[in-house]
Amino acid sequence: MLHIYRTTARSKRALIGYGHIRQILVPPTGRQQRSPLCWPIRHCSANVRTFDTMLSTRRAEARKSILVQVSSERSYNELYHYCSQFGTIQSSHHYRVDGDGDGDCHYILLEFGSSAEADAAMQSGVFSTERPGVRARSIFLWFRTGPKPKLIAQEEPKRSLSLIDGTQPIQEAELNGLLTAAESIDDQVTVLHRVTKLNDLGKRLRFLAVRQLESSLQGMFPQAVAHPFGSSVNGYGRMGCDLDVIMDLDSRSGEPPDRTSRLVYHTKATNPNERTQVQRQLESIGDVLQLFLPGVNSVRRILKARVPIVKYHHEHLDLEIDLTMNNTAGVYMSELLYLFGQLDARVRPLTFCVRRWAQSVGLTNQTPGYWITNFSLTMLVMYFLQQLARPVLPSINRLIQLSASCPPQSSAPVTRFGEGETEWAYTFLKNPSIYGSFRSENEATLEQLLVQFFEFYSQFDFSQRAISLNLGSTILKPDHSPMYIVNPLETVLNVSKNVNLEETELFRMQVRNAVWLLEAHGKETGAPTEPWGLVSLFGPKQQERITPQMFFTKRLLNVKDIFDEVPADAPTQYRNPAVKSQVAAIQRATKAELHKLGAGGGGGSNNRTGGVEPRTSSPMEGTGVKLKRNTKRR
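Each chain has its residues counted from 1, following the order in which its sequence is written. Confidence filtering applies because this is a predicted model: local features only for residues at pLDDT of at least 70, side-chain atom pairs given and counted only at 80 or more, and all residues used for totals across whole chains, interfaces and linings. Computation of side-chain values: all heavy atoms of the structure, hydrogens and water removed.

(A) Local environment of the sheet that holds strand β1 (residues 65–70). One open sheet accounts for 4 strands, arranged β2-β3-β1-β4; its pairing is mixed. Where the open sheet ends on each side, the last strands, each with one partner, are β2 (89–97) and β4 (140–142). When strand polarity is set aside, the average angle formed by the axes of neighbouring strands in this sheet is 25 degrees. In this structure, β1 lies alongside β4, joined through 3 bridges in parallel fashion. Bridging across to β4, Gln 69 finds its partner in Trp 142. Paired strands, in this sense, are two strands between which DSSP finds at least two bridges. Working definition: helices are DSSP H or I runs of at least four residues, strands are E runs of at least two. Numbering for both runs from the N terminus. Lines are fitted to the C-alpha atoms to define the axes, a helix being fitted only along its stretch in contact, and any angle between axes, read from their N-to-C directions, falls within 0 to 180 degrees.

(B) Examining the pattern of salt bridges more closely. Take a side-chain nitrogen of Lys or Arg and a carboxyl oxygen of Asp or Glu: if they are within 4 Å of each other, that pair is a salt bridge. According to the stated counting rule, one finds 20 salt bridges in the structure shown. Residue Lys 430 pairs with Asp 52 through a salt bridge whose shortest N-O separation is 3.0 Å. With a gap of 378 residues between them, Lys 430 in the loop between α14 (426–429) and α15 (446–458) and Asp 52 in helix α3 (residues 51–63) connect regions that are remote in the sequence. A 1.4 Å probe rolled over the protein chains alone gives each residue an accessible area, and that area as a share of the maximum for its type sets the label: buried under 20%, exposed over 50%, partly exposed in between. Relative accessible area serves as the criterion here: at 22%, Asp 52 is assigned to the partly exposed category.

(C) View of the sheet that holds strand β7 (residues 296–302). Strand order in the open sheet formed by 5 strands is β5-β6-β9-β8-β7, with mixed pairing between adjacent strands. This sheet does not close on itself; its edge strands, each paired only once, are β5 (225–229) and β7. Adjacent strand axes in the sheet meet at a mean angle of 25 degrees, parallel and antiparallel pairs treated alike. Here strand β6 (residues 243–248) pairs with strand β9 (residues 319–325) via 5 bridges, running parallel. Across the sheet, the residue bridging to Asp 244 is Asp 322, located in β9. In the packing of helix α8 (residues 200–217) onto the sheet, contacts are made with β5, β6, β7, β8 (309–314) and β9, and the angle to β6 comes to roughly 25 degrees. What makes two residues a contact is simply this: any of their non-hydrogen atoms within 4.5 Å.

(D) Here's a closer look at the nonpolar core. Here, nonpolar core means buried Ala, Val, Leu, Ile, Met, Phe, Trp, Tyr and Cys residues that are tied together by side-chain atoms lying within 4.5 Å of each other. Membership of the largest hydrophobic core comes to 119 residues, with the highest contact counts inside it found for Phe 340, Trp 357 and Phe 507. Per element, the largest residue contribution to this core is 9 residues, and it comes from helix α10 (residues 328–343). By size, the runner-up hydrophobic cluster in this structure holds 15 residues, among which are Val 68, Ile 108, Leu 110 and Leu 161.

(E) Spotlight on the side chain of Asp 344. By the element assignment, Asp 344 lies in the loop between α10 and α11 (347–360). On the basis of relative accessibility, which here comes to 0%, the residue Asp 344 falls in the buried class. Polar contacts involving the side chain of Asp 344 include one to the side chain of Arg 346, which spans 2.8 Å. Any pair of N or O atoms that falls within 3.5 Å is considered a polar contact. Within protein, one atom must be able to donate a hydrogen and the other to accept it, and sequence-neighbouring residues count only if both atoms are side-chain atoms.

(F) Broad picture of the packing of α15 against helix α16 (residues 501–520). Running from amino to carboxyl end, α15 crosses α16 at an angle of 140 degrees, the nearest separation of the two axes being 8 Å. By the angle class used here, α15 and α16 are oblique. Relative to α16, α15 is oriented so that their crossing is left-handed. Mapping the contact onto sequence places Leu 450, Val 451, Phe 454, Glu 455, Tyr 457 and Ser 458 in α15 and Phe 507, Arg 508, Val 511, Arg 512, Ala 514, Val 515, Leu 518 and Glu 519 in α16. Polar here means any residue outside two lists: the nonpolar Ala, Val, Leu, Ile, Met, Phe, Trp, Tyr, Cys and Pro, and the charged Asp, Glu, Lys and Arg; Gly therefore counts as polar. Classifying every residue of the contact of α15 with α16 gives 9 nonpolar, 1 polar and 4 charged. Here the word oblique covers every angle except those under 35 degrees (roughly parallel), over 145 (roughly antiparallel) and from 65 to 115 (roughly perpendicular). Working rule for handedness: look at the near helix, and if it is turned counterclockwise from the far one by less than a right angle, call the crossing left-handed; if clockwise, right-handed.

(G) Examining the packing of aromatic side chains more closely. Ring pairs are drawn from Phe, Tyr and Trp, using the six-membered ring of Trp, whenever the two centres fall within 6.5 Å, and their geometry is named by plane angle: stacked under 30 degrees, edge-to-face over 60, tilted for the rest. This structure, assessed with the given rule, holds 20 aromatic pairs. When the centroid spacing of 6.3 Å and the interplanar angle of 65 degrees are considered together, the rings of Trp 357 and Phe 507 count as edge-to-face. With Trp 357 in helix α11 and Phe 507 in helix α16, this residue pair connects regions lying 150 residues apart in the sequence. The two residues Trp 357 and Phe 507 agree in class, both being buried. Each ring, one from Phe 456 and one from Tyr 457, has its centre 4.8 Å from the other, and the planes form 80 degrees; the classification is edge-to-face. The exposure class of Tyr 457 is buried, given its relative accessible area of 0%. Following the ring pairs from residue to residue traces out a cluster consisting of Trp 357, Tyr 383, Phe 384, Phe 453, Phe 454, Phe 456, Tyr 457, Phe 460, Phe 462 and Phe 507. We count a charge as sitting over a ring when the NZ of a lysine or the CZ of an arginine lies within 6 Å of the ring centre and within 35 degrees of the ring normal. A cation over a ring is seen here: Arg 348 above Tyr 236, with NZ or CZ 5.6 Å from the ring centre. Over the ring of Tyr 338 we find Arg 348, and its NZ or CZ is 5.3 Å from the ring centre.

(H) The arrangement of α11 in detail. Given a helix with a known number of residues, its expected span is that number minus one, times 1.5 Å. The end-to-end C-alpha distance of α11, which contains 14 residues, comes to 20 Å, matching closely the 20 Å that a straight helix rising 1.5 Å per residue would cover. With 12 of 14 residues buried, α11 is to be regarded as a mostly interior element. Residues of α11 that are buried: Val 347, Arg 348, Pro 349, Leu 350, Thr 351, Phe 352, Cys 353, Val 354, Arg 355, Trp 357, Ala 358 and Ser 360. Of the residues one or two after α11, Gly 362 is the one with positive phi, at around 85 degrees.

(I) The environment of Ser 440, seen in detail. As for its placement among the helices and strands, Ser 440 is situated in the loop between α14 and α15. Owing to a relative accessible area of 8%, Ser 440 belongs among the buried residues under this scheme. With 97 residues separating them in the primary sequence, Ser 440 and Leu 343 have C-alpha atoms 8.5 Å apart. Once you skip the residues sitting within four places of it in the chain, Ser 440 turns out to touch Asp 344, Arg 346, Pro 391 and Val 392. Within the structure, Ser 440 has its side chain in polar contact with the backbone oxygen of Pro 391 (distance 2.9 Å). A distance of 3.1 Å separates a polar side-chain atom of Ser 440 from the backbone nitrogen of Asn 442.

(J) The environment of Gln 218, seen in detail. For Gln 218, the location among the structural elements is in the loop between α8 and β5. For Gln 218, a relative accessible area of 32% gives the class partly exposed. Sequence spacing of Gln 218 and Asp 250 is 32 residues, and the spatial spacing of their C-alpha atoms is 9.8 Å. At a separation of 3.0 Å, a polar atom in the side chain of Gln 218 contacts the main-chain carbonyl oxygen of Ala 224.

Worth remembering: the numbers are spatial, not functional.
Below, the structure is given as structure tokens:
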């Protein structure tokens, strides 16, 4: 955990709310406080939790949990005493989902001491006769009103609620207040990361959704496993992020069969076209989700996309979920980004800051389009940290070499997922020793790294060079894409293929503007009431300062504007009389030709004057990349 202390004198502005900032920067612990001169270790120890261990821990938590809808958080005491009869309650979390018109919906997540106790609580549930519907047992229940409690006062629960309203993201005004009260930009980046990242309750709820998917299909497919990937598990997720899941109906298909058994299962013949088979399976799974699973609604099947997916909303978890199949690269990429975040404590806060900046200036958008995605921005941050004189992160090829020189400390088997082009990733991502094999010698602060990031990409040659995280350096672009980032797992693909030239130039202009803002709006340069640091960088007026129209002007020109006579009150001055005579002769000859064309066409000369004046109001104007971008974005 990053601990930050400062010995410099604080201004009056920093004194406002600094106690709250100190609690965020330095979480309370039982250990002795760190000396101001003792900087944190900038690498992870060998016994750090690996990606597979993290997934196993979260799955175990979901296996021991149930979700109960209650009237409000005040129902916790009664719910605790009722559910204690099934086992020991280890932890409990409350959150609220905004309702349509009947008020907000309140939920409490209960974690028992074992999965058997959670199953006992779930099996004790009954179906309501007042709410007709498909009767399906699940971990999603509601706590109905019981008999009036006796007058004897009940004792307080042994474990209080860990969180109340734990899924609500921080408001913009409150975040700006915390950032303004920080002592430095370095502290601002740390505060931004800690108050906006996906918290423990958010991760628990996402793994409940994973468990529901698995349990709904394991009756017919006992080896079905749902693999979460993306920002929910790679350590870069923020509050409210979507959940991406890959469904594998037979996770043990690659294992050799038992040759001693003489009984073999009959199987259904599959479609020889793998893509068609995946589309049919996802369509059927979408029907199961929509018809039978509690809490699932708004199911959308996007089967014609390059990667077929099923999107749906879970009303009890207030969560958007994207379900796909056979996309092994997504799992490996999530593990790779998780590994990068574990190698150095500055990687995730810096990435959070860059993503927040890109969102505030309009570089990213939630809908698909020509703009830069959060994944592409993350790749840009990772490459920047690789190419420093003292790298903060190693290249992927260097990680493979380190993994080969560090044999695994444990021989415990791990789940092998996927084969083919991404098979090589298995060689080092599944080696627990890789987490402690690299130690960065770079001691730069987060503030220094943020400024260096903007300066680096303000001068980067996107027109000629492509970024390769495998090599930790640039290569010549294989094609004419405006921005080229080599996919680390499938090197023939471009991560930023969707980004057009306009968005690439906008990115370069915005990083230059960010450098100027950080230099001009430092803590000591402005008045105490003015925004500084990240507050000025994320300000609401940033999107209005630089627009694509500043460097992508209209290419259509009105010829009439060229040959119009100069007004008498502002005559043009010529130093050479010969040039003046030549210009006048050209104007007279051109007007005569235009007059002949207008008379020969049989139409009015007013409509022909200027040659192409009617084009200024034609549908051609404003079309192309700019109109497409603005249409989809706005």
